[in-house]
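# A closer look at the structure
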Amino acid sequence: MAERSGATGLTTVASNASNSNGAVIRQSASRPASADERRLSAAIERQRKELQQLQRAHDDLTRKVEALEKRANSWRGALDQLKDLPQQRQALESQLQSARVQQVSGVVGNLQAAAFGDAGSVFTRNNLFLAGNQLFWIFLDPVLRQLGVIRGTSPGVVRWLAPVGSLLTGQLALANQQHVRFISGVATVTPGTVTLDTLRDRIADGFWEKFQRRTDIAVTAVALDQQPFVPFAEVRQGVLRVGVTPLGKGVGEPPDTGGLLLVSVPSLPQRVRVAWIVDTGVASG
């Protein structure tokens, strides 16, 4: 502003000098100019030219100052962006951490769906519980942030513990339930004997007592070897009993113990493989 005021003053001085020069010229036109008047007129003309040069220099300096101000403003904006870099980096790291937590939560959800989910229908009790459990732990952190319980932009403890919480909740709620209806296996049977196989490790803890009390458990047995035997199988008090009976001798009831059957057939194979399937009766899907 001081420079521009100086320029205005210079312009005023130049204008006054020009007016004075004009007055002198008009006066000299009416009478012959003396030597002093000519020197004065030359000095005024010289001052006018110097003032014009000064005015041009001032205008040039003003343009340079404006260019420097624009450059300074651009540098100031760049410096402001540099100051914001740590915050931007922290926000980016927070987003990456949240993405990793979501990936882990997705893996946990897939594991629980494979272990405890029901096939064939989306809206079964177990499937709805698993979906609600995962959604609860996913949205718990955002809800707490909205309520002001959790502050900051980085993932909190609740966000990091969400996969573990979802896994533990599903385990505690559904692990003791029987999720597999059909269980199967292959037994190697010696003709004339009964093979016993407890099913305790294939039945869930919460279903085991009820399974032991049942007397209507369906069992299917098929002989895998091409031998003249008819396989039989049954489940009593949670124990699978598998045996074979030679053809032509009739299929009798298996004995209560693992003793020998009263069958005497010459040249019989020593072992026969029998495949079996037990229907636990648990509805799935």
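Structural notes, computed from the coordinates. (Residues numbered from 1 in each chain as written. Predicted model: local features only at pLDDT ≥ 70, side-chain atom pairs only at ≥ 80, totals over all residues. Heavy atoms only, no water.)

Helix and strand content of the protein chain: five helices and six strands. Ordered by position in the sequence, the α and β elements of the protein chain form the string α-α-α-α-β-β-α-β-β-β-β. Looking at the 285 residues of the protein chain, the share that counts as buried comes to 26%. Long-range contacts, defined here as pairs at least 24 residues apart, represent 68% of the contacts in the protein chain between residues at least 6 apart. (Helix = DSSP H or I, 4+ residues; strand = E, 2+ residues; numbered from the N terminus. Buried < 20%, exposed > 50% of the residue type's maximum accessible area, 1.4 Å probe, protein only. Contact = heavy atoms within 4.5 Å.)

Moving on to the packing of aromatic side chains. According to the stated counting rule, one finds three aromatic pairs in the structure shown. Taking the centre distance of 5.5 Å and the plane angle of 85 degrees together, the rings of Phe 136 and Trp 137 count as edge-to-face. Overall, the relative accessible area of 46% leaves Phe 136 in the partly exposed class. Plain terms: the ring middles of Phe 207 and Phe 211 are 6.1 Å apart, the flat faces sit at 45 degrees to each other, and that makes the pair tilted. A residue pair is termed a helical-turn pair when its members lie 3 or 4 positions apart in one helix, as Phe 207 and Phe 211 do in helix α5 (residues 205-213) at four residues. Here a set of aromatic residues connected by ring pairs shows up, and it is made of Phe 207, Trp 208 and Phe 211. (Phe/Tyr/Trp six-rings, centres within 6.5 Å; stacked < 30°, edge-to-face > 60°.)

This part covers the sheet that holds strand β6 (residues 272-279). Ordered by their spatial adjacency, three strands build an open sheet running β1-β6-β3, and the pairing between neighbours is antiparallel. On the outer flanks of this sheet lie β1 (182-189) and β3 (218-223), each paired with one strand and no other. Strand-to-strand twist in this sheet, taken as the mean axis angle between neighbours without regard to direction, amounts to 20 degrees. Relative to β6, β3 runs antiparallel, the two being bridged by six bridges. Counted as the bridge partner of Val 222 is Ala 275 from β6. (Pairing = 2+ DSSP bridges. Axes fitted to C-alpha atoms, helices over the stretch in contact; angles between N-to-C directions.)

With that settled, consider the packing of helix α3 (residues 125-146) against helix α4 (residues 157-174). Two elements in contact, α3 and α4, have axes whose closest approach is 9 Å; the angle formed by their N-to-C orientations is 155 degrees. When the axis of α3 is compared with that of α4, the two are roughly antiparallel. Handedness of the crossing formed by α3 with α4: right-handed. Between α3, through Asn 126, Phe 129, Leu 130, Asn 133, Gln 134, Trp 137, Leu 140, Asp 141, Pro 142 and Leu 144, and α4, the contact on the second element is made entirely by Val 158, Arg 159, Ala 162, Gly 165, Ser 166, Thr 169, Gly 170, Ala 173 and Leu 174. (Parallel < 35°, antiparallel > 145°, perpendicular 65-115°, else oblique. Left-handed = near helix turned anticlockwise from the far one by under 90°.)

With that settled, the discussion passes to unusual backbone geometry. Phi is positive for Gln 237, which is not a glycine, with a value near 55 degrees. With relative accessibility at 62%, the residue Gln 237 sits in the exposed group.

Counting 19 residues, the largest nonpolar core has Leu 199, Phe 211, Trp 276 and Val 278 as its most contacted members. Those elements that provide at least two residues to this core are β1, α5, β4 (229-236), β5 (239-246) and β6. Among the elements that line this core, the one with the most residues is β6, at four residues. The contact partners of Phe 211, leaving out residues within four places of it in the chain, are Leu 199, Ile 203, Ile 217, Val 235, Gly 238, Val 278 and Thr 280. (Core = buried A, V, L, I, M, F, W, Y, C linked by side-chain atoms within 4.5 Å.)

Let's shift gears to empty space enclosed by the protein. With the rule as written, the count across this model stands at one cavity of 30 Å³ or more. When its volume is computed, the largest cavity comes out at roughly 40 Å³. Lining the largest cavity, in full, are Ser 105, Val 108, Gln 134, Trp 137, Ile 138, Ala 162, Pro 163 and Ser 166. Split into classes, the residues belonging to the lining of the largest cavity amount to five nonpolar, three polar and no charged. (1 Å grid on protein atoms, 1.4 Å probe; cavity = no way out; pocket = protein on both sides within 12 Å on 5 of 7 lines; lining within 4 Å. Points joined across faces, edges and corners; volume = space filled by probe spheres on them. Nonpolar A, V, L, I, M, F, W, Y, C, P; charged D, E, K, R; others polar.)

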